Amino acid sequence: MTKINWAGFAKKNPKERLSQIKPLLSKESYYILENKILLKQDIASQIVENTLGTFALPFSVVPEIEVNHQNYTVPFVTEEPSVVAACSFASKIIKRSGGFKATVHNRQMIGQIALYDIKQIDQAINAIKKQKKQLLAIANSAHPSIVKRGGGAIDIKTNLIEDESPLLVVQVLIDTKEAMGANIVNTMTEALKPYLEILTNGKSLMAILSNYATESLVTATCAINYRFLNRDKIKAKEFSERIVLASNFAKKDPYRASTHNKGIFNGIDAVCIATGNDWRAIEAGAHAYASKNGRYEGLTTWRLDEANEKLLGEITLPLPLATKGGSIGLNPSVLVAFDILGNPDAKILASIVASVGLAQNFAALRALVTEGIQEGHMKLHARSLALLAGCLPNEVPFIVDLLLKEKHKNLSTAEKILENYRNNTLE
Ligand code: HMG
């Protein structure tokens, strides 16, 4: 594993950062970053419709996240100030406390075929059970390439939705290997539709994958020594207890849970975007999972291990992430992102991303229950305000310094400060 000296990384300029992380990059990735090669217009036009151009966002890295005793440098694409700083801050503390432990419980997708107008439901369910082998063979013959790669349809279940017009839902479990699998699952389930209509003597309503990927669950945990929360032992314990209270708050109140989980997705989405993954699918699945107990809840749990003076964190969520397929091979920035990560497989990527979510949540909760979120966030958001006020890049540090001393740190204050600054420097 390549060792990088990360000292001072945050304070360097992008060119210096690039040379610092050079040992992590292949020649191709270094060339892409050095020459600022982005997604080309003609490729973009092949990926989606009606393109006018491409759309850029900041591409950053979180230097070191330790997961299962391996260090990863993690690419983040986000427009929000303080997200990268917060994750870097948290993962540094967690690394000093032994890093993250992550477990991928499974990595399968679920496809659904909904059938209606079935006169004899019990008979239909029995027929599906009896024909399971044949149905799996039909599904697999619709997408033979995934079977060649060692994946494919592996199980079929039924679920009856009792209603005025009952629906019989056939669920197909599919191992999509390194792909997120939307096309594989949709092709297979659509191929099954006509056979299921005959078998059940019913009509098919639709066939589509489910983003509620309960067969792709990942858990990440960490155990943070109290002392990393404050040098003062009493305060460190108090802050840990307050984080536990904050975790309970998000379990009990959906208004809080929504914000709590948004903070988790600050990091998860940033890695999903950098790696060309479908973050809407990941969010939809995780928000559904957050409601599995009948109420929308926070996705993380924090508790105390008083005997060992540790704060224990845990997150479990569905993460059917892809390393192949979709637009992953088409965007040069995505190739660089995978290179920086060390080209992990889908299960390792899911372990890293779950850990990012837990780190992001720890940073936000630590700030919220101690100095408040604005202290750290505004320090970094002030740079965006300065730019929005019209600062030239060389003016930004001066305006940020002055803005941070103001009570009302907003755009109009930034504009007034800039005007005064320019008047004074011109005199
Ligand atoms: P600090 O104590 O002032 O940081 O915290 P520091 O200057 O002592 O630096 C400590 C480390 O943080 C650095 O180590 C970096 O790793 C990182 P060093 O490199 O110096 O050895 N770091 C940075 N990395 C890159 N660029 C930077 C930078 N600054 C620090 N400029 C910090 C500052 C922002 C980390 C802290 O206040 C924090 O974690 N705040 C939380 C911020 C946050 O969560 N932001 C997300 C947006 S708010 C939101 O949307 C979510 C929320 O609503 C979710 C919820 O409610 O649960 C809050």
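Placed above this text is the structure.
This structure is a prediction, so every number in the text was calculated from the model and none was measured.

Trainee: Give a description of the side chain of S91 that names residues and reports values.
Mentor: In this structure, S91 sits in helix α4 (residues 83–96). Look at S91 and you get buried, because its relative accessible area is 1%. Within the structure, the side chain of S91 is placed 3.3 Å from the backbone oxygen of S88, a separation counted as a polar contact. Ignoring any residue separated from it by four or fewer positions in sequence, one finds S91 in contact with V62, E64 and I65.

Trainee: I'd love a proper account of a nonpolar patch on the surface, names of residues and values included.
Mentor: Judged by side-chain polarity, I43, I47, V48 and L330 come together as a nonpolar surface patch covering roughly 290 Å² of accessible area. Along the chain, the position of L330 falls in the loop between β10 (310–318) and α12 (332–341).

Trainee: With reference to specific residues and values, describe the sheet that holds strand β6 (residues 167–175).
Mentor: Taken in spatial order, the four strands line up as β5-β6-β4-β7 in an open sheet, and their pairing is antiparallel. Looking at the sheet topology across the chains shown, the edges are occupied by β5 (152–161) and β7 (203–210). When the angles between neighbouring strand axes are averaged without regard to direction, this sheet yields 20°. Of the strand pairs in this sheet, strand β4 (residues 109–116) and β6 are connected by seven bridges, and their pairing is antiparallel. Within β6, the position partnered with I110 by the bridge is L173.

Trainee: Give a detailed account of the nonpolar core, specifying residues and quantitative values.
Mentor: Counting 91 residues, the largest nonpolar core has V74, F76, L319 and F362 as the members making the most contacts within it. Sorting elements by how many residues they give to this core places helix α13 (residues 346–369) first, with 12 residues. A382, A386, V396 and L418 belong to the second largest nonpolar core, which has 14 residues in total.

Trainee: Describe the site of the ligand, and please don't skip the residues or the numbers.
Mentor: The full set close to the ligand counts 27 residues, and S82, K92, R256, K262 and K379 are the nearest of them. Residue E80 places a side-chain N or O atom 3.2 Å away from an oxygen atom belonging to the ligand. One nitrogen or oxygen atom from the side chain of R256 is found 2.7 Å from an oxygen atom belonging to the ligand. About the coverage of the ligand: the protein hides 73% of its 1,100 Å² of free accessible area. Elements supplying a minimum of two residues to the shell around the ligand: α4, α10 (254–274), α13 and α14 (373–388). The residue makeup of the shell around the ligand, split by class, is 11 nonpolar, eight polar and eight charged.

Trainee: With reference to specific residues and values, describe α14.
Mentor: The first and last C-alpha atoms of α14 sit 22 Å apart over 16 residues, in line with the 22 Å expected at 1.5 Å per residue. The largest bend in α14 comes to about 40°, at K379. Of the positions making up α14, those classed as buried are H377, M378, A382, L385 and A386. Following α14 by one or two positions, G390 has its phi on the positive side, about 110°.

Trainee: How would you explain the environment of K15 if you had to name every residue and give the values?
Mentor: Here K15 is to be found in helix α1 (residues 14–21). K15 gets classed as exposed once you look at its relative accessible area, which sits at 71%. Separated by 18 residues in sequence, K15 and L33 place their C-alpha atoms 9.5 Å apart.

Trainee: Quick rundown of the side chain of D305? Include the residues and the values.
Mentor: Relative to the helices and strands, D305 is located in strand β9 (residues 300–305). It turns out D305 is buried and unbridged, and the closest side chain with the opposite charge, K310, is 6.2 Å from it.

The rules behind the values
Residues numbered from 1 in each chain as written. Predicted model: local features only at pLDDT ≥ 70, side-chain atom pairs only at ≥ 80, totals over all residues. Heavy atoms only, no water. Helix = DSSP H or I, 4+ residues; strand = E, 2+ residues; numbered from the N terminus. Buried < 20%, exposed > 50% of the residue type's maximum accessible area, 1.4 Å probe, protein only. Polar contact = N/O pair within 3.5 Å; in protein donor to acceptor, adjacent residues only side chain to side chain. Contact = heavy atoms within 4.5 Å. Patch = residues over 30% accessible without salt bridge, like charges linked within 9 Å, V, L, I, M, F, W, Y side chains within 5 Å. Areas by Shrake-Rupley, 256 points an atom, 1.4 Å probe, with all protein chains shown as cover. Salt bridge = Lys/Arg side-chain N within 4 Å of Asp/Glu carboxyl O. Pairing = 2+ DSSP bridges. Axes fitted to C-alpha atoms, helices over the stretch in contact; angles between N-to-C directions. Core = buried A, V, L, I, M, F, W, Y, C linked by side-chain atoms within 4.5 Å. Near = heavy atom within 4 Å. Nonpolar A, V, L, I, M, F, W, Y, C, P; charged D, E, K, R; others polar. Expected span 1.5 Å × (residues − 1). Bend = angle between axes of the 7 residues up to and from the residue. Lys, Arg positive; Asp, Glu negative; His and termini not counted.

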